[in-house]
Amino acid sequence: FERGYYDHSHFFGVVPGFLVQFGIGYTADLDLKEFADSTVEDDPKRTDLMPFREGYISFAGSGGKNSRSSQLFFAYNNVKHLGNYPWETPIGEVTEGMEIVRNFYSGYGDMPPWGHGPQK
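Conventions used here
- Residues numbered from 1 in each chain as written.
- Predicted model: local features only at pLDDT ≥ 70, side-chain atom pairs only at ≥ 80, totals over all residues.
- Heavy atoms only, no water.
- Helix = DSSP H or I, 4+ residues; strand = E, 2+ residues; numbered from the N terminus.
- Buried < 20%, exposed > 50% of the residue type's maximum accessible area, 1.4 Å probe, protein only.
- Areas by Shrake-Rupley, 256 points an atom, 1.4 Å probe, with all protein chains shown as cover.
- Core = buried A, V, L, I, M, F, W, Y, C linked by side-chain atoms within 4.5 Å.
- Contact = heavy atoms within 4.5 Å.
- Pairing = 2+ DSSP bridges.
- Axes fitted to C-alpha atoms, helices over the stretch in contact; angles between N-to-C directions.

## Thoughts on the overall build of the protein
Here's step 1: If you tally the helices and strands in the protein, you get two helices and five strands.
Here's step 2: N-terminal to C-terminal, the α/β element order of the protein is β-β-α-β-β-β-α.
Here's step 3: Out of the 120 residues in the protein, the part that is buried amounts to 40%.
Here's step 4: Total accessible area computed for the protein in this model is approximately 7,600 Å², and 54% of it derives from carbon and sulfur atoms.

Below, the structure written as structure tokens:
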């Protein structure tokens, strides 16, 4: 966060009732690009934080051990099927402004074939 990687990030994959994802950085900074392309180790599972509540923030994973990347997501509503895997451990929570997050433009939805958003 100190490097400003998430400054000017785009929100994409806005799926009402589920989540909104962000974090793909368009940058010429080679250090930030390397960070964006690297993976993040899984955190220990926190059963006390399950199921996901509205406003939880987590790194997005691609479905395997230590598969999280620099992409993150906010959960909309209470999402019972999130948090079942180590790469879905909440790292934070929106404490103010969730009404703004709920109103992000969702016309593109997720990436194809589930929506018209960009490929991740």
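From this point, the narrative continues.
## Concerning the nonpolar core
Here's step 1: Counting residues in hydrophobic clusters, the biggest one holds 15 residues, and the most contacted among them are Tyr 6, Val 20, Leu 72, Phe 74, Tyr 76 and Val 101.
Here's step 2: Counting residues per element, the ones that place at least two in this core are β2 (19-22), α1 (30-37), β3 (56-59), β4 (72-75) and α2 (98-102).
Here's step 3: Not counting residues up to four positions away in its chain, the partners in contact with Val 20 are Phe 11, Phe 12, Gly 13, Val 14, Leu 72, Phe 73, Phe 74, Tyr 76, Val 101 and Phe 104.
Here's step 4: Within the second largest apolar cluster, nine residues are counted, among which are Phe 52, Ala 60, Phe 73 and Ala 75.

## Overview of the sheet that holds β3
What links the strands of a sheet is backbone hydrogen bonding, and the strands pair in either a parallel or an antiparallel sense.
Here's step 1: Taken in spatial order, the five strands make up an open sheet running β1-β2-β4-β3-β5, and their pairing is antiparallel. Looking at which strands have only one partner, the edges of the open sheet turn out to be β1 (11-15) and β5 (90-93). Ignoring which end each strand starts from, the neighbouring axes of this sheet average 25 degrees apart.
Here's step 2: Two elements, β1 and β2, share three bridges in a ladder whose sense is antiparallel. Bridging across to β2, Phe 11 finds its partner in Phe 22.

By themselves these figures say nothing about function.
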